[in-house]
Amino acid sequence: MSSTAEEDAMSSPLLGTSATSSPPPDTSATSSPPRVSVPDATSIYASVADEAARVVSEISGLPESRGPLRRLCGDLIRRVRLLSPLLDEIRDGAGDGFPDLVACLDSVHDALVCARDVLRSVSDGSKIHQAYRREAILSEFTRVNDQMEKVLSAFPYNELPMSEEVREQVELVHLQFRRAIGKIDSPDILLIHDLAVVWAQNDKQTDPTILKRISEKLQLKSLDDMKKESVALHELVISSGGDPDDRLEEMSSLLRKLKDFVVTENPVAEASTTSKSGSVKHRSPVIPDEFRCPISLELMQDPVIVSTGQTYERSCIQKWLDAGHKTCPKTQQNLTHTALTPNFILKSLISQWCESNGIEPPKPKPPSRDKKPGKHTSSSDCDWTGINSIMTRLENGTQEEQRSAAGELRLLAKRNANNRVCIAEAGAIPLLVKLLSSPDLRTQEHTVTALLNLSIYENNKAIIVESGAIPKIVQVLKTGSMEARENAAATLFSLSVVDQNKVAIGEAGAIPPLIDLLCQGSPRGKKDAATAIFNLCIFQGNKIRAVKAGIVTHLMGFLGDPTGGMIDEALAILAILASNQDGKISVSQAEPVPYLVEVMKIGSPRNKENAAAILWSVCAGDMGLAQAMKEMGATEVLKELAENGSDRAKRKAGSLLELIQQLDVQIGEDEGSIVT
């Protein structure tokens, strides 16, 4: 096989994911459950409709939107609610006899999920950020409206046996989405002007009338609103790795001025004491409730956020946790983890309040550490006290404490890039690698997932491999729980981004258990395994290992099962295997031509491209397969692909057409010889 063919195979990323990109952080705790196909068509319709209805219910249950985008959110929620009767009709059997309905429902479900995610981000997000970045957020609503309009255009609701009332309602919703695409929401010129004035007067006192207008339009009218806004802006900062926006300084300035305005408009009561003579009054400012720790009721010095979203003084909540409590003191909800996140913005607000009231800002003692953060991070951005506490339990705790500690590191590493640096600098990776051999399956799950999340930071990949993780991850892949196996596969993919690791992972025996997961795993597990196998097979030696392990038979099985959802992955892997001589022989022997020609006729553009690449690899040296391809009607579809396909698809289709022409010439010469 030529080097060009090898490069072509390598340029076909699996599901659009570059072979050099790292996987996303672990999302197993929040992602929707995988769908499981069942033979009965009615059950499939009902199952997919149930999932779509569940998303509609989630959207309907969102709190009433506040802030500058509340009208857009309200319109979208209202339209989505109107789709409930349609889904109810399908669950009651209206979809019987419509084989394409499952794909349509899948598209509706995906569009609803996008709508839900946009609405959630607006509901939970910073109102100040939404005011400054209105155009960017409006484009998200336009994208959702466009996606909903397209899926409804493709949905056969006019053909389904349903009540006329429901059909008319769906038509109305469809029309509303179509109108929403072209409708341009006029910007609030006065709000834009007011924001510009506030920033222009950054170091000066701003007209209270302007601040009042902004406060009302952003729905930031009380100290409670300001506290929620400060947390939302803080979350924006940490979720973006500390650099969320080039206008962060403007947003912080506006937050400070609005806070001062709200305090002025809603002055706190003053406590006064009178001397026995009654001649002198001593006044002192009353600490706002938002600045008091719910446990000690004292002004917070080092506020931190627990998993329920409540804020406490660090020393107080740490004592609560050290006493063995597993609940939030204020809400009594169970804590999903015990990691403590610094609330930097609330701490800044407390300092500003202290300064404006002539009180010395509280100064908590910095945590003592044996190991200082390195040059890539700042100690002020890391919860070193929390990480040190986790490290102690990880190294010397009981099995239950180690399980809990691994789970907390898993969540911390998922949260942001800075945590991944800090956790590695604290020396956690070798301890986590050691825990991969734990007999406790839940500990294994937390540990391998923590390593997956840590591996997203490039420098951590080398530390993980040097700590001897690869053989142990492969062992988890063989014997762990399904979740642990899935995340072990994803971790191997992440590590295999480094070329030398591809060799080490293959030599450690990862290919056979990855193939087992590919065949026997959950839908998500199959995807994880396929992604890892694809990336590993960029290395020639791993192609041979995969072929010897019998992967081609399983991949051909996926091609023959259009309901299995693995055709994309199977074609991508076959394309890269066929660039190797052993792989080419194995694929040729599996009689792939009928499947590949069918894919070129009805498949997606990417799948057509991969099918053409595989056909070229196997037919170039086998005129019998080329003849079979021609007899199955490949010529016309190849011509269409040569005109309208991707660059790679055009090259492969052109080469295959030339092969068919050579075949025709050869047949003509043979027939001439016979006549002569």
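The name given to the protein chain in an unreviewed UniProt entry is RING-type E3 ubiquitin transferase, and the organism recorded there is Rhynchospora pubera. The UniProt entry for the protein chain carries the following text under Pathway (unreviewed entry): "Protein modification; protein ubiquitination." Quoted verbatim from the Catalytic activity (unreviewed entry) field of the UniProt record, the comment on the protein chain reads "S-ubiquitinyl-[E2 ubiquitin-conjugating enzyme]-L-cysteine + [acceptor protein]-L-lysine = [E2 ubiquitin-conjugating enzyme]-L-cysteine + N(6)-ubiquitinyl-[acceptor protein]-L-lysine."

Visitor: Mind laying out the overall build of the protein chain, listing which residues take part and the relevant values?
Guide: Secondary structure summary: the protein chain contains 34 helices and 5 strands in total. The buried share of the protein chain, reckoned over its 676 residues, is 48%. A separation of at least 24 residues holds for 71% of the contacts in the protein chain among residues at least 6 apart in sequence.

Visitor: Help me get a handle on the sheet that holds strand β3 (residues 303–305), residues and values and all.
Guide: Ordered in space as β4-β3-β5, the 3 strands form an open sheet in which the pairing is antiparallel. Of all strands in the sheet, those bounded by a partner on one side alone are β4 (311–313) and β5 (341–342). Two strands pair when backbone bridges link them, and β3 and β4 are joined in this way by 3 bridges, in the antiparallel orientation. Looking at β4, one finds that Val 304 is bridged to Tyr 312. Packed on one face of the sheet, helix α13 (residues 314–322) meets β3, β4 and β5 and runs near 95 degrees to β4.

Visitor: Which residues make up the pattern of salt bridges, and what values go with them?
Guide: By the definition in use, this model includes 26 salt bridges. Residues joined by salt bridges that share partners form a network here, namely Arg 54, Glu 58, Arg 116, Asp 117 and Arg 120.

Visitor: Which residues make up the side chain of Asn 542, and what values go with them?
Guide: With respect to the helices and strands, the residue Asn 542 is situated in helix α26 (residues 540–548). Exposure remark for Asn 542: the relative accessible area of 0% places this residue in the buried category.

Visitor: Would you mind going over unusual backbone geometry in detail, with residue names and values included?
Guide: Although it is not a glycine, Gln 219 adopts a positive phi angle of roughly 60 degrees. Relative to the assigned elements, Gln 219 resides in the loop between α10 (208–217) and α11 (223–239). We classify Gln 219 as buried; its relative accessible area is 18%. A positive phi angle, close to 65 degrees, is found at Gln 332, a residue other than glycine.

Visitor: Describe the nonpolar core, and please don't skip the residues or the numbers.
Guide: Among the nonpolar cores identified, the biggest contains 97 residues, and Ile 551 and Met 629 are the most heavily contacted of them. Sorting elements by how many residues they give to this core places helix α28 (residues 567–577) first, with 8 residues. Core analysis: the next-biggest nonpolar cluster, separate from the first, contains 44 residues, Leu 83, Val 108, Leu 112 and Leu 119 among them.

Visitor: I'd like a rundown of the environment of Phe 141, residues and numbers included.
Guide: Residue position: Phe 141 is located in helix α7 (residues 134–153). The buried category is assigned to Phe 141, whose relative accessible area is 3%. For Phe 141 and Cys 114, which are 27 residues apart along the polypeptide, the C-alpha to C-alpha distance reads 9.6 Å. In contact with Phe 141, other than residues within four places in its own chain, are Leu 69, Leu 72, Cys 73, Leu 76, Val 118, Leu 119 and Val 122.

Visitor: Help me get a handle on the packing of aromatic side chains, residues and values and all.
Guide: Within this structure, the stated rule accounts for 0 aromatic pairs. Over the face of the ring belonging to Phe 177 we find Arg 79, whose NZ or CZ atom lies 5.5 Å from the ring centre.

Visitor: Can you lay out helix α23 (residues 499–507) for me, pointing to particular residues and giving the numbers?
Guide: Within α23, burial applies to Asn 501, Lys 502, Ile 505 and Gly 506. Across the axial projection of α23, the buried residues extend over an arc of 135 degrees, all falling on one side. Facing away from the buried side of α23 by over 90 degrees, the exposed positions are Gln 500 and Glu 507. Positive backbone phi, at 85 degrees, marks Gly 509, one or two positions downstream of α23.

Visitor: Go over helix α29 (residues 581–589) with me, naming the residues and quoting the values.
Guide: When we look at burial in α29, the residues that qualify are Gly 583, Ser 586, Val 587 and Ser 588. Those residues of α29 that are buried lie in contact with α26, α27 (551–559), α28, α31 (605–619) and α32 (623–631). Measuring from the side-chain oxygen of the N-cap residue of α29 to the backbone nitrogen of Asp 582 gives 2.9 Å; that N-cap residue is Asn 580. Positive backbone phi, at 50 degrees, marks Glu 591, one or two positions downstream of α29.

Visitor: Go over the packing of α28 against α31 with me, naming the residues and quoting the values.
Guide: Relative orientation of the contacting elements α28 and α31 amounts to 35 degrees, with a least axis distance of 9 Å. Note that α28 runs across α31; the crossing there is left-handed. Of the residues in α31, those in contact with Ile 567, Asp 568, Leu 571, Ala 572, Leu 574 and Ala 575 of α28 are Asn 607, Asn 610, Ala 611 and Ile 614. In the contact of α28 with α31, the residues fall into 7 nonpolar, 2 polar and 1 charged.

Visitor: Let's hear about the packing of helix α18 (residues 428–435) against helix α19 (residues 441–454): which residues, and what values?
Guide: At their nearest, the axes of α18 and α19 sit 9 Å apart, and the two run at 140 degrees to each other. In this structure, the crossing between α18 and α19 has a hand that is left-handed. Mapping the contact onto sequence places Ile 429, Leu 432, Val 433 and Leu 435 in α18 and Thr 443, Thr 447, Ala 450, Leu 451 and Leu 454 in α19. Grouping the constituent residues of the contact of α18 with α19 by class yields 7 nonpolar, 2 polar and no charged.

Visitor: Just give me the short version of the state of the cysteines, but keep the residues and values in it.
Guide: Using the criterion set out here, one finds 0 disulfides in the structure. Between Cys 316, a free cysteine, and Cys 293, which holds the nearest cysteine sulfur, the sulfur-to-sulfur gap is 4.1 Å. We classify Cys 316 as buried; its relative accessible area is 18%.

Visitor: Help me get a handle on the side chain of Asp 225, residues and values and all.
Guide: Turning to its location among the elements, Asp 225 is positioned in helix α11. Once residues within four sequence positions are removed from consideration, Asp 225 is found in contact with Arg 66, Gln 219 and Leu 220.

Visitor: Explain the confidence of the model for the protein chain to me, using residue names and the numbers behind them.
Guide: Mean pLDDT over the protein chain stands at 79; residues scoring 70 or higher make up 81%. Predicted confidence for residues 1–22 stays below pLDDT 50, and this span has 48 contacts to residues more than four positions away or in other chains. Taken together, the stretch residues 365–380 has pLDDT below 50 and engages in 21 contacts with residues farther than four places along the chain or on a different chain.

Visitor: Tell me what's going on with the environment of Asp 225, and back it up with residues and numbers.
Guide: Residue classification places Asp 225 among the buried residues on the basis of a relative accessible area of 13%. Sequence separation between Asp 225 and Ser 215 is 10 residues, and the spatial gap between their C-alpha atoms is 10.0 Å. At 3.0 Å, the side chain of Asp 225 and the backbone nitrogen of Lys 221 are in polar contact.

Visitor: Got a sec to walk through the environment of Leu 223? Specific residues and values, please.
Guide: Considering the arrangement of structural elements, one finds Leu 223 in helix α11. Sequence-distant contacts of Leu 223, that is, excluding residues within four places in its chain, are made with Val 262, Val 263, Pro 288 and Glu 290.

What counts and how
Here the residue index of a chain counts from 1 through its sequence in written order. The model is predicted, so local features are restricted to residues of pLDDT at least 70 and side-chain atom pairs to those at 80 or more, both for listing and for counting; the totals for chains, interfaces and linings are taken over all residues. Hydrogens and water are ignored here; the side-chain numbers use all heavy atoms of the structure. UniProt positions are given in the numbering used here, feature names are shortened, and annotations may be inferred rather than shown by experiment. A run of H or I in DSSP counts as a helix once it spans at least four residues, and a run of E counts as a strand once it spans at least two, with each numbered from the N terminus. For every residue, the accessible area obtained with a 1.4 Å probe (protein chains only) is divided by the maximum for its type, and the residue is called buried under 20%, exposed over 50%, and partly exposed between those limits. Residue contacts are counted whenever heavy atoms from the two residues lie within 4.5 Å of one another. Between any two strands, at least two bridges found by DSSP are needed for them to pair. Every axis corresponds to a line fitted to the C-alpha atoms, with the helix fit spanning only the stretch in contact, and the corresponding angles, defined between N-to-C directions, vary from 0 to 180 degrees. A side-chain nitrogen of Lys or Arg and a carboxyl oxygen of Asp or Glu constitute a salt bridge if their distance falls within 4 Å. Nonpolar cores were defined as sets of buried Ala, Val, Leu, Ile, Met, Phe, Trp, Tyr and Cys residues, with membership established by side-chain atoms within 4.5 Å. Put simply, two rings from Phe, Tyr or Trp (the six-membered ring, in Trp's case) pair if the centres are within 6.5 Å, and we call them stacked under 30 degrees between planes, edge-to-face over 60, tilted for the rest. Charge over a ring is defined by NZ of Lys or CZ of Arg lying within 6 Å of the ring centre and within 35 degrees of the ring normal. Summarising the geometry, the arc corresponds to the directions from the helix axis toward the C-beta atoms. N or O atoms within 3.5 Å of each other form a polar contact, as long as, within protein, one can give a hydrogen and the other can take it, and as long as residues adjacent in sequence are counted only when both atoms are side-chain atoms. The handedness criterion is simple: a crossing whose near helix is rotated anticlockwise from the far helix by less than a right angle is left-handed, and one whose near helix is rotated clockwise is right-handed. Side-chain classes follow a simple rule in which Ala, Val, Leu, Ile, Met, Phe, Trp, Tyr, Cys and Pro form the nonpolar group, Asp, Glu, Lys and Arg form the charged group, and the remainder, Gly included, forms the polar group. Disulfide assignment relies on a single distance test, namely cysteine sulfur atoms paired within 2.5 Å. On a scale of 0 to 100, pLDDT captures the predictor's confidence in every residue.

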